[in-house]
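# Tertiary structure, described
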Amino acid sequence: MAEYRNRREEEIIAGRNAVLEALRSGRPIDSILLARGSRTAALGMIAAKAKDQGVAVKEVDIRKLDHLCAGAPHQGVVALAAAHEYARVEDIFALAEQRGEPPFLIVADELEDPHNLGAIIRTAECAGAHGVIIPRRRAAGLTYAVGKASAGAIEYLPVARVTNIAATLEDLKKRGVWIYGTDLQGETWCQADLTGAIALVIGNEGAGISRLVKEKCDVMLTLPMQGQISSLNASVAAGVVMYEIARQRLGLKAR
């Protein structure tokens, strides 16, 4: 089978042998797409190997695979190559230690829009964050659309993908990191002390931060809305708070 770029510039690996070899080679894979209802032994082996490597496996309508492959044969399986290799959470802490700074992390809780994720990664890199954490499932990964929206920031900022965001936040707390969430109700963003080791949680575009993740947050921050619209775009809200964190960490005075 084949490997190529489609019109959206995602790198597509199609067919059982090609996908299996990509997994065996250790190539960065964002996700594996299987035709819904396909239960062959070969596809089962691919799914098992992908899960062992922490690669998200999703069942989709076969028409989606047909569309991605522009009609070329795919044998019921497609891999979407990642635009960049994923980091580990340890790599984020290592970067903070290397810079001699308290850790500054962004946690995206089931953020689905690749353009939002890319914009957040771009702003995080510019604001001096040490890394971004995303979940393996029900969220955008490091696709080429994310890489493009990040304007190259994925080349410099570690992005780690974890199985469970709530459990990861518990681990961060044990390492002395304070968890700040964003919500419609909470402490005004510019009145909180954001100078120490901090993880900023950004929720899903529609539902916001999930209940279990919200329970792990130490402080909820809010951006007062003055107009008729009740909320900001996720990447815009994240950018406002990230630059308040950057301002406080740099010791700059607000005028």
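Residues numbered from 1 in each chain as written. Predicted model: local features only at pLDDT ≥ 70, side-chain atom pairs only at ≥ 80, totals over all residues. Heavy atoms only, no water.

Our next topic: a nonpolar patch on the surface. On the surface, a nonpolar cluster with roughly 280 Å² of combined accessible area is contributed by Met225, Leu232, Val236 and Val240. If you trace the backbone, Leu232 turns up in the loop between β11 (219-222) and α9 (234-250). (Patch = residues over 30% accessible without salt bridge, like charges linked within 9 Å, V, L, I, M, F, W, Y side chains within 5 Å. Areas by Shrake-Rupley, 256 points an atom, 1.4 Å probe, with all protein chains shown as cover. Salt bridge = Lys/Arg side-chain N within 4 Å of Asp/Glu carboxyl O. Helix = DSSP H or I, 4+ residues; strand = E, 2+ residues; numbered from the N terminus.)

A word on the packing of helix α5 (residues 114-126) against α9. Relative orientation of the contacting elements α5 and α9 amounts to 10°, with a least axis distance of 9 Å. Considered as vectors, α5 and α9 are oriented roughly parallel to each other. When α5 is examined against α9, the residues Asn116, Ala119, Ile120, Thr123, Ala124 and Cys126 are found in contact with a partner set consisting of Ala234, Ser235, Ala238, Gly239, Met242 and Tyr243. (Axes fitted to C-alpha atoms, helices over the stretch in contact; angles between N-to-C directions. Parallel < 35°, antiparallel > 145°, perpendicular 65-115°, else oblique. Contact = heavy atoms within 4.5 Å.)

One pair of aromatic rings is described through two measures. These are the centre distance and the angle between the planes. Across all of its chains, the model carries zero aromatic pairs by this definition. Positioned above the aromatic ring of Phe93 is the side chain of Arg175, whose terminal nitrogen or guanidinium carbon lies 3.8 Å from the ring centre. (Phe/Tyr/Trp six-rings, centres within 6.5 Å; stacked < 30°, edge-to-face > 60°. Lys NZ or Arg CZ within 6 Å of the ring centre and 35° of its normal.)

Let us now look at the packing of helix α1 (residues 16-24) against helix α2 (residues 41-52). Running from amino to carboxyl end, α1 crosses α2 at an angle of 20°, the nearest separation of the two axes being 10 Å. Between α1 and α2, the angle is such that the two are roughly parallel. With respect to the hand of their crossing, α1 and α2 are arranged in left-handed fashion. Contacts between α1 and α2 involve Arg16, Val19, Leu20, Leu23 and Arg24 from the former and Ala42, Leu43, Met45, Ile46, Lys49 and Ala50 from the latter. Looking at side-chain class alone, the contact of α1 with α2 contains eight nonpolar, no polar and three charged residues. (Left-handed = near helix turned anticlockwise from the far one by under 90°. Nonpolar A, V, L, I, M, F, W, Y, C, P; charged D, E, K, R; others polar.)

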